[in-house]
Amino acid sequence: MNKEELSPGIVIYKDAIKDRAYLLDLMKKVNYDEIGGARDVGICYIKQDSKETTLFDIEEILESSLDQCLKDYCTQYTIDGIVPEDWQLVRYGEGQQFGTHLDENYDNPRTVSLTMYINDDYTGGELEYVWFNKTYRPDPGDIIIFPSNYVFSHKVHKVLSGTRYVVVRFYKWRTIK
């Protein structure tokens, strides 16, 4: 497993996505809901009980790609007892961006965030961690895992040309009932 640390807490797993070309083909077939406002991007959620064939195939690739990376990250940062939210397939077209934000808030008490980078045939779309003054141009196949809290506020720069495909997932603490 090839990994690097962009800053403490921000770990990049290099070339970690299996069947990336096939995954990209599947993601291009998905019906994205256009989301307006600050994000101005297309998003498709994969519900955890999805039976739709394309989404099911996508989920299998994502789960198998992420498994070892997430285990490694949780071991490194002594994280135990987190549960996933639904997968989010995200498409950024030309001119689209996502302004500075954090992934955790009162309604979404998230702990760990991750982004999986599927392609690189676009310009712009860099990921910036604003409090660390770090900007990163992900390579296709990269998985970036980081804490969801305010210290790790980040933004996605405007896509200048092409289409940027990523997959996002958040984890929160398991609650005991």
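Residues numbered from 1 in each chain as written. Predicted model: local features only at pLDDT ≥ 70, side-chain atom pairs only at ≥ 80, totals over all residues. Heavy atoms only, no water.

(A) Highlighting a nonpolar patch on the surface. Together, L102, Y150 and V151 make up an exposed nonpolar region whose accessible area comes to about 280 Å². Mapped onto the secondary structure, V151 falls in the loop between β12 (143–147) and β13 (154–156). (Patch = residues over 30% accessible without salt bridge, like charges linked within 9 Å, V, L, I, M, F, W, Y side chains within 5 Å. Areas by Shrake-Rupley, 256 points an atom, 1.4 Å probe, with all protein chains shown as cover. Salt bridge = Lys/Arg side-chain N within 4 Å of Asp/Glu carboxyl O. Helix = DSSP H or I, 4+ residues; strand = E, 2+ residues; numbered from the N terminus.)

(B) Representation of unusual backbone geometry. Unusually for a residue other than glycine, D15 sits at a positive phi of about 50°. Here D15 shows up in the loop between β2 (10–13) and α1 (20–28). On the accessibility criterion, D15 (61% relative accessible area) is exposed. In this structure, T78 takes a positive phi of about 45° despite not being glycine. Topologically, T78 is positioned in the loop between α2 (53–76) and β5 (82–84). (Buried < 20%, exposed > 50% of the residue type's maximum accessible area, 1.4 Å probe, protein only.)

(C) Examining the pattern of salt bridges more closely. Following the criterion strictly, the structure yields seven salt bridges and no others. One salt bridge in this structure joins K3 and D72, with 2.7 Å as the shortest N-O distance. Within this pair, whereas K3 is found in strand β1 (residues 3–7), its partner D72 is found in helix α2, the two being separated by 69 residues in sequence. Since its relative accessible area comes to 23%, D72 is described here as partly exposed. Note that E85 and R110 form a salt bridge whose closest N and O atoms lie 3.0 Å from each other. Of this pair, E85 sits in the loop between β5 and β6 (87–92) while R110 sits in strand β8 (residues 110–117), and the two are 25 residues apart along the sequence. In this structure E85 comes out as buried when scored by relative accessible area, which is 13%. Because the salt bridges share partners, they merge into one network encompassing K14, D139 and D142.

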